[in-house]
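The residues making up each chain are set out below.
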Amino acid sequence: MASCCNSMGLEGFFATFKSSKRSSDAASIHCCTHRFPLKKNSFSVSHSPFFTIKASYSSSSTTTIAEPGGIKINSVPTKPIEGQKTGTSGLRKKVKVFMQENYLSNWIQALFNSLPPEDYKNAVLVLGGDGRYFNREAAQIIIKIAAGNGVGKILVGREGIMSTPAVSAVIRKRKANGGFIMSASHNPGGPEYDWGIKFNYSSGQPAPESITDKIYGNSLSISEIKMGEIPDVDLSRLGVTKYGNFSVEVIDPVSDYLELMECVFDFQLIRSLLRSDFRFVFDAMHAVTGAYAKPIFVDKLGASLDSIANGVPLEDFGHGHPDPNLTYAKDLVNIMYSENGPDFGAASDGDGDRNMILGKNFFVTPSDSVAIIAANAQEAIPYFRSSPKGLARSMPTSGALDRVAEKLSLTFFEVPTGWKFFGNLMDAGKLSICGEESFGTGSDHIREKDGIWAVLAWLSIIAYRNKDKKPGEKLVSVSDVVKEHWATYGRNFFSRYDYEECESEGANKMIEYLRDLVSKSKEGEKYGNYVLKFADDFAYTDPVDGSVASKQGVRFVFTDGSRIIFRLSGTGSAGATIRIYIEQFEPDVSKHDMDAQVALKTLIDLALSVSKLKDFTGREKPTVIT
């Protein structure tokens, strides 16, 4: 597979990243079956005439309120704007919403109004993003408001680029007080699509609900925005720019993260695998991990130059949907299932925190992936040489990880969906490895899920299993590792049905109907061939701080361990996404090769019948099946 960044170093990558945006005089460069515009003979970052960017803050009727440290600070009058309640992964809306006057500025100012002054006054904050449309304009707005609120220094990734895991890593390494992440994660980008913002706290974890609730509350009463009167910062050049007592340092977005990965993994072991006849491909999906793929996989680990697909971040992700699953990463899936496909394939999402793992003609479910990483971590990954502290999964994720925890006598936690719930456990020293069925896997090396970490973990496992193989010997494959795991622990057949952008009214009525149903349910009730063990609306009490999260998903759990779960997702930007999770445990090795959709058909039919999904939403088929 040909790579856009095959022959370029990091300098060349950033030159291409800049020149590939909003170009009106476009030549076409072919990259891994995708085409993207590249402006001829120019590395200009000026805006294309095809796009008109309206400032998302108002400079009219401003009042100078102070000039501390040589910076003029203006008070910009504003008023509350509806719809700024932060979800499980920050605030996500359509780009055009964020481009409304003061929309982004209100949220950023409301954040500063919600933090204790000691958390930001004269402090260091990090700023990064996934390279999507509107990030460059947003970065300048955030920097100016940070200056206006007395922040001491902003560390920003070059061109505003920095993956979500890297932001967490930089916060932790440089002892920053927190950081802004400009991303709508796995959602599409471009003028007509999605944008998002979230804040991570001092240990690198997403802000807790106690803070996000305050942000929303302050957004309802906000009346002014404090804006530092400074020019736009040149984000293309590494180095420090000072404005009085405020400074902005543009940093390499890769170096701190790469250094951390070299501490976690045995890069020499992985190099021994990638230099053999083992064929590897990584699809960056024209998203942020394109900035990390070549420096890590090619330059450090010795993978071939053509192993990186879609390796240049684009503002619209090459017109793609940067969600690494079987539907939206179809090009990679087709390659891995081709007659002469590679041995190992992986993809990551918009902001680099999700992952998909594939072997030749083989898909590893995220639920199995985290379980297999946990089962092999101590022997294959140096960071866990003294054994993981504990394991955890989100409630909808299959019980495969539970079985590993039991066998290895490790503490186990089941938490609501949302990575912030893992962070408290990590900070308390109770948790090392965790994951979500939504293609998120990670550990306590940072406080975010981490797509490249998961890929390196899998490469470590495969490399360890093959370290004694002689040239020409058949290598232990991805499918070999998975099937051996199933033989040891049993297989948890698992599938998720996503119904995206449903009408909110119908989706909410369906969930309320299910909540009423579980409130009346009784142990022993028959649901077709299944006997109910219990049904509830999942609630979680944090064992660290005692906080309670309720209404986290409607569960039907049957006596044989099978589960049906219903949730409304909080990660979209429009409408409602209904997710249905179906799981069934199978100890019989002779049945482990069954297709999951076949093995789960009876449960799937039961889920659709019990929920009356078609009646409430009118939807005949799911948008995505994983």
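Since we're looking at a predicted model, the values are computed, not measured.

Section: the side chain of K449
For step 1, the next point in the chain: Considering the arrangement of structural elements, one finds K449 in the loop between β21 (440-443) and α14 (451-465).
For step 2, the next point in the chain: Accessibility expressed as a relative area gives 7% for K449, which makes it buried.
For step 3, the next point in the chain: Apart from the residues lying within four places of it in its own chain, the contact partners of K449 are P165, D353, R354, W419, E436, G440 and T441.

Digging into helix α6 (residues 209-219)
For step 1, the next point in the chain: For α6, the full list of buried residues reads I211, T212, I215 and S219. With its buried residues spanning 95° around the axis, α6 presents them on a single face.
For step 2, the next point in the chain: Where the residues of α6 are buried, they touch α3 (103-114).

Regarding the sheet that holds strand β28 (residues 563-569)
For step 1, the next point in the chain: With antiparallel pairing, the seven strands of this open sheet are ordered in space as β23-β24-β27-β28-β29-β22-β30. In the strand order of this sheet, the two ends are held by β23 (526-527) and β30 (624-625), each with one partner.
For step 2, the next point in the chain: Inspection of the sheet shows strand β24 (residues 530-537) paired to strand β27 (residues 554-558) by five bridges, in the antiparallel sense. Note on β27: the bridge partner recorded for A535 is F556.

Here's the deal with the packing of helix α11 (residues 366-380) against α14
For step 1, the next point in the chain: α14 packs onto α11 with a crossing angle of 55° between their chain directions and a minimal axis gap of 10 Å. When the axis of α11 is compared with that of α14, the two are oblique. Here α11 runs over α14; the crossing is left-handed. Where α11 approaches α14, its residues S369, I372, I373, N376, E379 and A380 are matched on the opposing element by W453, A454, A457, W458, S460, I461, Y464 and R465.

A short note on unusual backbone geometry
For step 1, the next point in the chain: In this model, N122 sits at a positive phi of 55°, which is unusual for a non-glycine residue.
For step 2, the next point in the chain: The residue N122 is located in the loop between α3 and β6 (124-129) in this model.
For step 3, the next point in the chain: Under the relative-accessibility criterion, N122 is labelled exposed at 67%.
For step 4, the next point in the chain: With phi around 55°, M285 is a residue other than glycine that occupies positive phi space.
For step 5, the next point in the chain: Examined against the element boundaries, M285 turns out to sit in the loop between β13 (280-283) and α9 (290-300).

What counts as what
- Residues numbered from 1 in each chain as written.
- Predicted model: local features only at pLDDT ≥ 70, side-chain atom pairs only at ≥ 80, totals over all residues.
- Heavy atoms only, no water.
- Helix = DSSP H or I, 4+ residues; strand = E, 2+ residues; numbered from the N terminus.
- Buried < 20%, exposed > 50% of the residue type's maximum accessible area, 1.4 Å probe, protein only.
- Contact = heavy atoms within 4.5 Å.
- Arc of directions from axis to C-beta.
- Pairing = 2+ DSSP bridges.
- Axes fitted to C-alpha atoms, helices over the stretch in contact; angles between N-to-C directions.
- Parallel < 35°, antiparallel > 145°, perpendicular 65-115°, else oblique.
- Left-handed = near helix turned anticlockwise from the far one by under 90°.

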